[in-house]
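Residue-level listing of the chains:
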Amino acid sequence: MVRLHPEHRRAWGYLGLAYERVAELEKAINAFDQGGHTAMAKRISERRTGNTIHVTNAAQAAESVEIREAASQAFNELD
């Protein structure tokens with residue numbers, strides 16, 4: 001999709017998520033950057049270097065899982 005429509009921000013985001021899931025963090029960062037998802041790129045970069053802030057709030061942790069599941073489902077629908 002990104003080859004056909006390089007301006008498609010959501011496609012770059014989904015590609016970044018896919019790369020993140022298979023632990024291709026450098027590729028994930030590049031995909032997020034390409035799509036303008038700088039916050040996601042920064043989060044992955046911090047995780048890669050070990051500078052992450054751990055989630056301590058149970059509500060934030062549950063929200064994070066919910067967001068990942070929704071992103072995963074959306075990614076699967078693109079296939």
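A quick note: this is a predicted structure, and the numbers were derived from the prediction, not measured.

Here we look at the pattern of salt bridges
For the structure on display, the rule yields three salt bridges. A salt bridge links Glu 46 to Lys 42, with the shortest nitrogen-to-oxygen separation between them at 4.0 Å. With Glu 46 and Lys 42 both in helix 3 (residues 38-49) and four residues apart, this pair spans about one turn of that helix. In this structure Glu 46 comes out as partly exposed when scored by relative accessible area, which is 30%. Through salt bridges that share partners, Glu 20, Arg 43 and Arg 47 make up one connected network.

A word on the side chain of Glu 20
Residue position: Glu 20 is located in helix 1 (residues 9-21). Of the polar contacts made by the side chain of Glu 20, one reaches the side chain of Arg 43; its length is 3.4 Å. Setting aside its immediate chain neighbours within four residues, Glu 20 contacts Leu 25, Ala 28, Arg 43, Ile 44, Arg 47 and Arg 68.

What to know about the packing of helix 1 against helix 2 (residues 25-34)
It is the contact of helix 1 with helix 2, at a shortest axis distance of 8 Å, that shows an interaxial angle of 170°. Put simply, helix 1 runs roughly antiparallel to helix 2. For the pair helix 1 and helix 2, the contacting residues are Trp 12, Gly 13, Leu 15, Gly 16, Leu 17, Tyr 19 and Glu 20 in the first and Leu 25, Lys 27, Ala 28, Ala 31, Phe 32 and Gln 34 in the second. The residue inventory of the contact of helix 1 with helix 2, partitioned by class, reads eight nonpolar, three polar and two charged.

Some words on the confidence of the model for the protein chain
When pLDDT is averaged along the protein chain, the result is 77; 67% of the residues meet or exceed 70. Here helix 4 (residues 58-78) stands out as the element of the protein chain with the lowest mean pLDDT, 66, in contrast to helix 2, whose mean of 91 is the highest.

As for helix 1
With 13 residues, helix 1 should cover 18 Å at 1.5 Å per step; its first-to-last C-alpha distance of 19 Å lies within 8% of that length. Of the residues flanking the end of helix 1, it is Ala 23, one or two places downstream, whose phi is positive at about 60°.

Some points on unusual backbone geometry
At Ala 23, a residue that is not glycine, the phi angle is positive and equals roughly 60°. You can see Ala 23 is positioned in the loop between helix 1 and helix 2.

Notes on the nonpolar core
Listed in full, the nine residues of the largest apolar core are Tyr 14, Leu 17, Leu 25, Ala 28, Ile 29, Phe 32, Ala 41, Ile 44 and Ala 71. If you list the elements that add at least two residues to this core, you get helix 1, helix 2 and helix 3. With four residues, the top contributor of residues to this core is helix 2.

Some remarks on helix 3
End to end, helix 3 covers 16 Å across twelve residues, agreeing with the expected 16 Å (1.5 Å per residue, within 8%). Immediately beyond the C-terminal end of helix 3, within one or two residues, lies Gly 50, with a positive phi of roughly 80°.

Rules used in this analysis
Residues numbered from 1 in each chain as written. Predicted model: local features only at pLDDT ≥ 70, side-chain atom pairs only at ≥ 80, totals over all residues. Heavy atoms only, no water. Salt bridge = Lys/Arg side-chain N within 4 Å of Asp/Glu carboxyl O. Helix = DSSP H or I, 4+ residues; strand = E, 2+ residues; numbered from the N terminus. Buried < 20%, exposed > 50% of the residue type's maximum accessible area, 1.4 Å probe, protein only. Polar contact = N/O pair within 3.5 Å; in protein donor to acceptor, adjacent residues only side chain to side chain. Contact = heavy atoms within 4.5 Å. Axes fitted to C-alpha atoms, helices over the stretch in contact; angles between N-to-C directions. Parallel < 35°, antiparallel > 145°, perpendicular 65-115°, else oblique. Nonpolar A, V, L, I, M, F, W, Y, C, P; charged D, E, K, R; others polar. pLDDT = per-residue confidence, 0-100. Expected span 1.5 Å × (residues − 1). Core = buried A, V, L, I, M, F, W, Y, C linked by side-chain atoms within 4.5 Å.

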